[in-house]
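Secondary and tertiary structure notes
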Amino acid sequence: MTVGQRRRCFGLLRSAGDVWACVLEINAWRRRRDDTPLTGYQELCRELSGSGPGTFGELDSTGARSVLRRFSDAWFAAAKRRKDGDLSARFPRRRRGLVPVRWYHGTFSIEGRRVRIPMAQGARPLWVRLARKMPYPVEQVRSVTLLCEGSRLFLDVTAEVPVTTYPPGEGPDPARVAGVDLGIIHPYAVASPDGEGLLVSGRAIRAEHRMHLADTKARRRAVSRRAPTPGQRGSRRWRKYRRRARLVEGRHKRRVRQAQHEAAAAVVSWAVQQRIGVLKVGNPRGVLDIDAGRRHNLRLRQWQIGRLMQVLEDKATLAGITVDPVNERGTSSTCPACRRRVPKPRGRTLTCPHCQFSGHRDLVAAAIIATRTPGGGPTTPTAPAVVPEVVTHRRAGRHLPGAGQSRRDPRRPHRAASGSVGPRRPAPPPSGGESLAQRRGSTTAHRKPGKR
């Protein structure tokens, strides 16, 4: 887009931030007067209509109402979580500089790769050109959302996509149930009722998180001396660094998000081939409430359990497959053969000391999850768990830097085998002559670290 179009798009996002700040200010006034806060969508829309036209620049009433809808949904979601006993939920009280703006069907128009964004009355029309062709037919598009991520403008498109249809006898069978175990090393481990399994490797995603964290720490150490003191205005170099940091952070999030979509697509395509009609997904949200230390808490936050479940559910619903979340407690530490509790292994192989059963820990958990009942039923297996014997391996994140054919972390340096290489020894003497190596002391003499 041109410089003027970019300036006007950012102006819309800033005007949406003004709407958000205005709602916070009104509720702050009412709270000081001990009045009930304005949280309902209809109440907020009445306040917006009373503000008059032109209050929020070129932002039209439809875009402003989308901000009010976002605020109302966030407030009631936090109220519901607090009512359920989650005291960590917070109401929306933080100001935002740029707030996404959404326009619904009938308020915008699409012509090829050009989209006409509605503006306020009296403002010039705004046409923007998309970077690529829209992946959905125009008649299926229901809304568009203008947002900024990492100093880059995006147009998020929501479309109504019909459920996939299959020939008779080839579609998903509701009687075939498979279990799905979520994890970090393997984002998805699936066990089918026929003894076949699927393992989606997420080592490339984990390596991306680790390398991104190391790069971020290195950048912060490098510019820590040039950081402005509190109350001091930053220089142009500091603003460039901050902009570069936002770009890198946005790129990292897009890479991880794409890898998660690839992993979910691999699971759904495999389930369609196996004619799986129901996917029982183990819900591991309970581990988020356990304080496991600074490092492990970071791993759990980078795990993004909710996004993995949401992406899988969206793609499975589109393919005609039902997704049921179940309790996954104890699935990785229960023997599927004798149904006894076993010590949770440190590696990926689970071995039962009672019946000598041995199998992949994640696939065992997926097989036990397939026997669980949705809605908080008994955790004791009511049916025999079928542990997969034929396993299909897939890898997510082929687009990540350094990801190749290796199954190990692609961006981490390969460690040497166990043991030390030892000091270098001179070359063997050629036949009929002396050795070409320099004559020094004994090769077994002690050497300081770093010397050869």
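Located above this text is the structure these notes cover.
The shown structure was predicted, so the numbers you read here are calculated from the model rather than taken from an experiment.

1. Considering helix α1 (residues 3–32)
In this model α1 runs 43 Å from its N-terminal to its C-terminal C-alpha over 30 residues, within 8% of the 44 Å that 1.5 Å per residue would give. Asp34 occupies a position one or two residues after α1 and carries a positive phi of about 60 degrees.

2. Examining unusual backbone geometry
At Arg275, a position not held by glycine, the phi torsion is positive, near 60 degrees. With respect to the helices and strands, the residue Arg275 is situated in the loop between α5 (236–273) and β10 (276–283). In this structure, Arg339 takes a positive phi of about 60 degrees despite not being glycine. Topologically, Arg339 is positioned in the loop between β11 (322–327) and β12 (349–351). The class for Arg339 is partly exposed, based on a relative accessible area of 42%.

3. Considering the pairing of strand β3 (residues 114–117)
The alternating pattern of β3 places Val115 and Ile117 on a buried face, while none of Arg114 and Arg116, on the opposite face, is buried. Where strand β2 (residues 109–111) and β3 come together, 3 bridges link them in antiparallel fashion. Within the sheet, the bridge partner assigned to Glu111 lies in β3 and is Arg114. Adjacent in sequence and paired antiparallel, β2 and β3 are bridged by 2 residues, among which Gly112 carries a positive phi angle near 70 degrees. As paired strands, β3 and strand β4 (residues 126–129) are joined by 4 bridges and run antiparallel to one another. Note on β4: the bridge partner recorded for Ile117 is Leu126.

4. Focus: the sheet that holds strand β7 (residues 173–182)
Backbone hydrogen bonds hold the strands of a sheet together, and the pairing may be parallel or antiparallel. Reading across the sheet, the 6 strands line up as β11-β10-β7-β8-β9-β14 and stay open at both edges, with mixed pairing between neighbours. A strand with exactly one partner marks an edge of an open sheet, and here the two such strands are β11 and β14 (390–395). Strand-to-strand twist of the sheet, defined as the mean angle between neighbouring strand axes without regard to direction, takes the value 25 degrees. Bridge count between β10 and β11: 6 bridges; the pairing is parallel. By the bridge assignment, Leu279 is partnered in β11 with Val323. Set on the sheet, α5 makes contact with β8 (188–191), β9 (196–201), β10 and β14; between it and β9 the angle comes to about 165 degrees. Together, β7, β8, β10 and β11 form the strand contacts of helix α7 (residues 305–318), whose direction differs from that of β11 by roughly 150 degrees.

5. Description of the packing of α1 against helix α3 (residues 61–83)
Running from N to C, α1 and α3 point in directions that differ by 50 degrees, and their axes come no closer than 9 Å. On the basis of the axis angle, α1 is oblique to α3. Two packed elements cross with a definite hand, and for α1 against α3 that hand is right-handed. Contact residues: α1 offers Ala16, Val19, Trp20, Val23, Leu24 and Asn27, while α3 offers Ala64, Val67, Leu68, Arg70 and Phe71. Residue classes in the contact of α1 with α3 are distributed as 9 nonpolar, 1 polar and 1 charged.

Rules behind the numbers
Residues numbered from 1 in each chain as written. Predicted model: local features only at pLDDT ≥ 70, side-chain atom pairs only at ≥ 80, totals over all residues. Heavy atoms only, no water. Helix = DSSP H or I, 4+ residues; strand = E, 2+ residues; numbered from the N terminus. Expected span 1.5 Å × (residues − 1). Buried < 20%, exposed > 50% of the residue type's maximum accessible area, 1.4 Å probe, protein only. Pairing = 2+ DSSP bridges. Axes fitted to C-alpha atoms, helices over the stretch in contact; angles between N-to-C directions. Contact = heavy atoms within 4.5 Å. Parallel < 35°, antiparallel > 145°, perpendicular 65-115°, else oblique. Left-handed = near helix turned anticlockwise from the far one by under 90°. Nonpolar A, V, L, I, M, F, W, Y, C, P; charged D, E, K, R; others polar.

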